[in-house]
Amino acid sequence: MTRRLAALCLALLLCAAAALPAVSAEVPTPESVLGFKVGEDRKLADWTQIVGYFQKLAEASPRVKVENVGTTTEGNPFLVVTITSEANMARLEEIRRANLRLADPRTLGEDEARRLIDSGKAIVALNHGIHSTEVGASQTSMETAYALATGQDPDTLDILDKTVILMLPSHNPDGTQKVVDWYRKSLGTPWEGGQIPFLYHKYTGHDNNRDWYMFTQVETQLTVKYLYDRWRPQVVHDLHQMGPRTARIFAPPYVDPWEPNVDPALIQAVNAAGTSVAAGLTTEGKKGVVIHALYDAWSPARAYPHTHGGVRILTECASARMATPLEVKFGELEAGIGYDAKQAAWNFPDPWPGGTWRLRDIVDYQVSATRALLEHTARHREYWLRTFYEVNRRAAVRREPYAFIVPGEQKDPLATAKLLGVMRTGAVEVYRARAEFKAGDRTYPAGSHVIPMGQPFSAFAKTLLERQRYPDLRQWPGGPPQRPYDVTAHTLPLLMGVEVVRADAPFVAALERLDAVPTARGSIAGGHGRFFALGHKNPELVALGRLLRAGVPVRWATAAFLERGFNFRPGTLLVPENARARLEPMARELGFVATPVNADPPSLLLRKPRIGVYQSYVPSMDEGWTRFVFEKQLGVDYETLHDRDVRGGGLRARFDAIVLPDQSRRAMVSGNPAGSLPPEYCGGLGKEGVQSLKSFAEEGGTLVAIDSASDMPIAEFALPVTNVLAGFGREERPGADESDQGSKDFYCPGAILAAQVEGVSTSPLAHGLEATTPIWFEGSPAFETKTGTVVARYPPENPLLSGWLLGDKYLRGKAALVEVPLGTGRVVLFGFRPQYRAQSWATYIALLNALYTSAVTPLAP
Ligand SMILES: [Zn+2]
């Protein structure tokens, strides 16, 4: 549009608005603030501009309130925007409190509930831009907000009257800013609108919407606190984009499976709302709308509302090349789970014929989808509040099971406190026993925790505390597996190494409700000795990191020893007596007990290891999670190594251990293809980089390869190790393409398996691990080795603990963690993800063992 035409349009708009209340004439359009129209080719508003727009909008419109509720991971403002009628805005707090009353029906009579349902407002959250390269949604947010702020038509007024809309213009402002900055620099280059060479969330990248139960990231925490906890929305619209050769937009119903603890009324509510959105879009003449395809509703990691009385309506729009238009021919459209983009069907009645697809199309589809959802919610306000109330009421009388008990005596008090913290953040009521009590045939000590299932959000707790049995879904009967959208297991007690007991029968105990997240409590035992003996779990290993950072010469006993009538296990840490002042507050904070001893067992003298973490320009989410776990949970210092740093050689002089996070061999060695990104981001490790890593190990370094990254040293260094699952990968199977979902002989797309730890006497890597340790397996390798030490191995029976595994016979007896000597150093191969999404505390220990044993001097007794 020319500037003159734009001015004319604005003039017409002002004339048209003259007859209406004065306020709408003063409300700024996005274009008047940004200087371009939302959705224009090759134009994106960055986060600074979006924040600027919302501030101006709120200043001008009494229907809009903008709050900066906190600071993101990288220091940007995090906005929550509230939009509703002026009348509602004047009594917002009263509306909020009424909604929270419906969230907890335990103290609500039926008459009172009916009154609240009659007078209440439906709460709708609009979550934009959680995935930053899916650039449409954050642009859409401005157009949606403007339309709501200025609309005077009956439908808009009805929406504003009957709903309170809570909008996140971006769930990941850091990424919104970084991706737009990158895109602008890419304009006019061959890589315009293509891949980006970094994670768009500092630690999690695309996994930032897999954090809705663990709550590890600042953005998740702010959303839970200021949106979910504060309001308890009935409806959440989560706006995403998918690939370009798909339907133009997906809306629910989701395909099976659903997480079995989600109330059936919510499943039907999702079906109703999603279908209503799809119907609205199709009536408008928008083509390529698909329902009941592609996306399932299994993992609670992506759907917080489903266990809190509400629904998550996911929409996924086809992508362009960011803001650059894309030509898609009809013949290039692809099939996916539940539909074929070239074929009309009941759930896809009007295929898109192909053509040019641009950012403006995405914004149009998203604005329409949001509008359809808001109209649906407003029209069915009473139904939504009734459903919310009934679902919460049913949960509050749940008796199967009666409760989960977290016994007071735990091997890892730190992980236990974290697990209880997850429950509290998820709005689950947690109780502490004031005195010993009996449940079933077991007696629990005072200080044990109880999570009764008769409470409104018990579905959240039950889902995370029990084991998952994923259904055996096939593409056709007897055919290959149907790929789950995400992973198949989320059992926190297994992942975190915390004992949790299911209690089916009611029991009596003196309980007090916890208001705050409980912290572990530890101490220094009485007596004197040359050392304090510490165990070898997460609390002690976190302390070890701090002690080494302070230069304290800690020892690591490599054999068991007996003292004061206690049998101290291999791996006992010995902290010099003179470090008491440093140790004592750590014991209290982290929850471990330090015991004075005089023993002098064979041990390793530790110093702080110098650690490198490889970061490819083909971004690896596992690399981001590794940094998060190191920085925020375990206190491990590290340096990031890029391809050029590795290729430069001389690594042994600078590092004791180098970590290769989960990534394919090809991505590491070859990197991005030439021409796909600026030259400095192309090419990968290359031959030089591979040789440099090999020399590092040969010269005494510890190379730690996590999960798929193991394939690189196995193949490139010609290690005498085989990945017995190599033949089941997509790349290895003839005829397999992008639509291939997995081999019917062996398939495990993310589950918790049991591994037996067997190297306690031969490798310190085994120290601190349980004899049977739950590990996170996700399309991982499994090993046979002719040399070195097997630290953990799959049992002779089916190792599945939680989730879905096909072809367990291929794993039986195979190694899951091996230490392979190379020159004077070693390669440690993890056939699993020891630091999976900052959840798998049970196996953090193995990773820390590999790192802390990389800088040691053996001491004779
Ligand atoms: Zn997405």
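Just above, that's the structure.
Described in the following lines is the structure provided in the data block.

What follows deals with the coordination of the zinc ion. Tetrahedral coordination by four donors places them ideally at 109.5 degrees to one another around the metal; octahedral coordination by six donors ideally gives 90 or 180 degrees. Every protein donor of the zinc ion is listed here as H131 (ND1), E134 (OE), E134 (OE) and H240 (ND1), and their distances to the metal cover 2.0 to 2.4 Å. The site at the zinc ion holds 4 donor atoms, and with the angles between them running 56 to 151°, its shape is irregular. If you list the donors of the zinc ion from N- to C-terminus, the spacing comes out as H-x2-E-x105-H. Here the two residues H131 and E134 agree in accessibility, since each one is buried.

Moving on to the sheet that holds strand β3 (residues 122-128). What the 8 strands build is an open sheet, ordered β1-β2-β4-β3-β5-β10-β6-β8; its pairing is mixed. Where the open sheet ends on each side, the last strands, each with one partner, are β1 (64-71) and β8 (289-291). Each adjacent strand pair in this sheet contributes to an overall mean axis angle of 20°, direction not counted. Lying on the sheet, helix α11 (residues 218-231) is in contact with β1, β2 (77-83), β3, β4 (163-168) and β5 (235-242); it crosses β1 at an angle near 140°.

Before going further, it helps to spend a moment on the packing of helix α7 (residues 110-119) against helix α14 (residues 381-396). For the pair α7 and α14, the least separation of the axes is 8 Å and the interaxial angle reads 145°. Seen along the crossing, α7 lies across α14 with a hand that is right-handed. Taking contact as the criterion, the partners of E110, A113, R114, L116, I117, D118 and S119 in α7 are, on α14, R381, E382, L385, R386 and Y389.

Across all of its chains, the model carries 36 aromatic pairs by this definition. With 5.6 Å between their ring centres and 75° between their planes, W352 and W357 make a pair best called edge-to-face. Across the pair, W357 and W352 agree in class, each one buried. With a centroid separation of 4.8 Å and an interplanar angle of 65°, the aromatic rings of F728 and Y810 are classed as edge-to-face. One end of the pair, F728, is in the loop between β34 (721-723) and β35 (751-757); the other, Y810, is in the loop between β39 (800-802) and β40 (815-822), with 82 residues separating them in the sequence. Residue F728 is classed as buried on the basis of its relative accessible area of 19%. Through pairs of rings, three or more aromatic residues link up here, namely W212, F215, Y228, Y304 and F460. Stacked on the ring of W357, the Lys or Arg R248 has its end atom at 4.6 Å from the ring centre. Directly above the ring of Y365 sits K286, whose terminal nitrogen or CZ lies 5.7 Å from the centroid.

Looking now at the sheet that holds strand β21 (residues 511-513). For sheets, the rule is that strands pair by backbone hydrogen bonds, running either parallel or antiparallel. The strand order across the open sheet built from 5 strands is β20-β15-β19-β16-β21, with neighbouring strands paired in antiparallel fashion. Where the open sheet ends on each side, the last strands, each with one partner, are β20 (501-503) and β21. Ignoring strand direction, the axes of neighbouring strands in this sheet form an average angle of 30°. For strand β15 (residues 403-406) and strand β19 (residues 449-452), the ladder comprises 4 bridges, and the chain directions are antiparallel. Its bridge partner being in β19, I405 is matched across the sheet by V450.

With that out of the way, let us pick up the pattern of salt bridges. In the structure shown here, the tally under the stated rule is 62 salt bridges. E512 is the partner of R434 in a salt bridge, and the nearest nitrogen-oxygen pair spans 3.7 Å. Of this pair, R434 sits in the loop between β16 (431-433) and β17 (437-439) while E512 sits in strand β21, and the two are 78 residues apart along the sequence. Measuring nitrogen to oxygen at the nearest pair gives 2.7 Å for the salt bridge that ties R442 to E499. On the criterion of sequence distance, the pair formed by R442 in strand β18 (residues 442-444) and E499 in the loop between α17 (492-496) and β20 is long-range, its members being 57 residues apart. The exposure class assigned to R442 is partly exposed, which follows from its relative accessible area of 31%. The class for E499 is partly exposed, based on a relative accessible area of 32%. Look at the salt bridges and you will find they share partners, linking E110, D111, R114, R386, E390 and R393 into a network.

A separate point is the pairing of strand β10 (residues 311-318). Counting buried residues along β10, 8 of its 8 residues qualify, which places the element largely inside the surrounding structure. In β10, alternate side chains face the same way, and those of V311, I313, T315 and C317 on one face and R312, L314, E316 and A318 on the other are all buried. As paired strands, β5 and β10 are joined by 8 bridges and run parallel to one another. Within β10, the position partnered with Q241 by the bridge is C317.

Reading the values: rules and limits
- All residue numbers refer to position in the chain's written sequence, counted from 1.
- In keeping with the model being predicted, local features are shown solely for residues with a pLDDT of at least 70 and side-chain atom pairs are shown and tallied solely at 80 or more, while totals for entire chains, interfaces and linings include all residues.
- To get the side-chain values, all heavy atoms of the structure are used, and hydrogens and water are removed first.
- Here the term donor refers to an N, O or S atom within 2.8 Å of the metal (or 3.2 Å for Na, K and Ca), and because water is left out of the atoms, sites may appear incomplete.
- Only four donors with every angle between 85 and 135 degrees are called tetrahedral; only four or six donors with opposite donors over 155 degrees apart and all others between 65 and 115 are called square planar or octahedral, in that order; all others are irregular.
- Residue exposure (1.4 Å probe, protein chains only): buried if accessible area is under 20% of the type maximum, exposed if over 50%, otherwise partly exposed.
- DSSP calls a pair of strands paired once it identifies at least 2 bridges connecting them.
- Comment: elements are numbered from the N terminus, with helices defined as DSSP H or I runs of at least four residues and strands as E runs of at least two.
- The angle between two axes is taken between their N-to-C directions and runs from 0 to 180 degrees, where each axis is a line fitted to C-alpha atoms and a helix contributes only its stretch in contact.
- In this description, contact between two residues means that some pair of their heavy atoms is separated by no more than 4.5 Å.
- A crossing counts as left-handed when the near helix is turned anticlockwise from the far one by less than a right angle, and as right-handed when that turn is clockwise.
- In this analysis, rings of Phe, Tyr and Trp, with Trp reduced to its six-membered ring, are considered paired at centre separations within 6.5 Å, and the interplanar angle assigns stacked below 30 degrees, edge-to-face beyond 60, and tilted for intermediate values.
- Charge over a ring is defined by NZ of Lys or CZ of Arg lying within 6 Å of the ring centre and within 35 degrees of the ring normal.
- A side-chain nitrogen of Lys or Arg and a carboxyl oxygen of Asp or Glu constitute a salt bridge if their distance falls within 4 Å.

That's the geometry; what it means functionally is another story.
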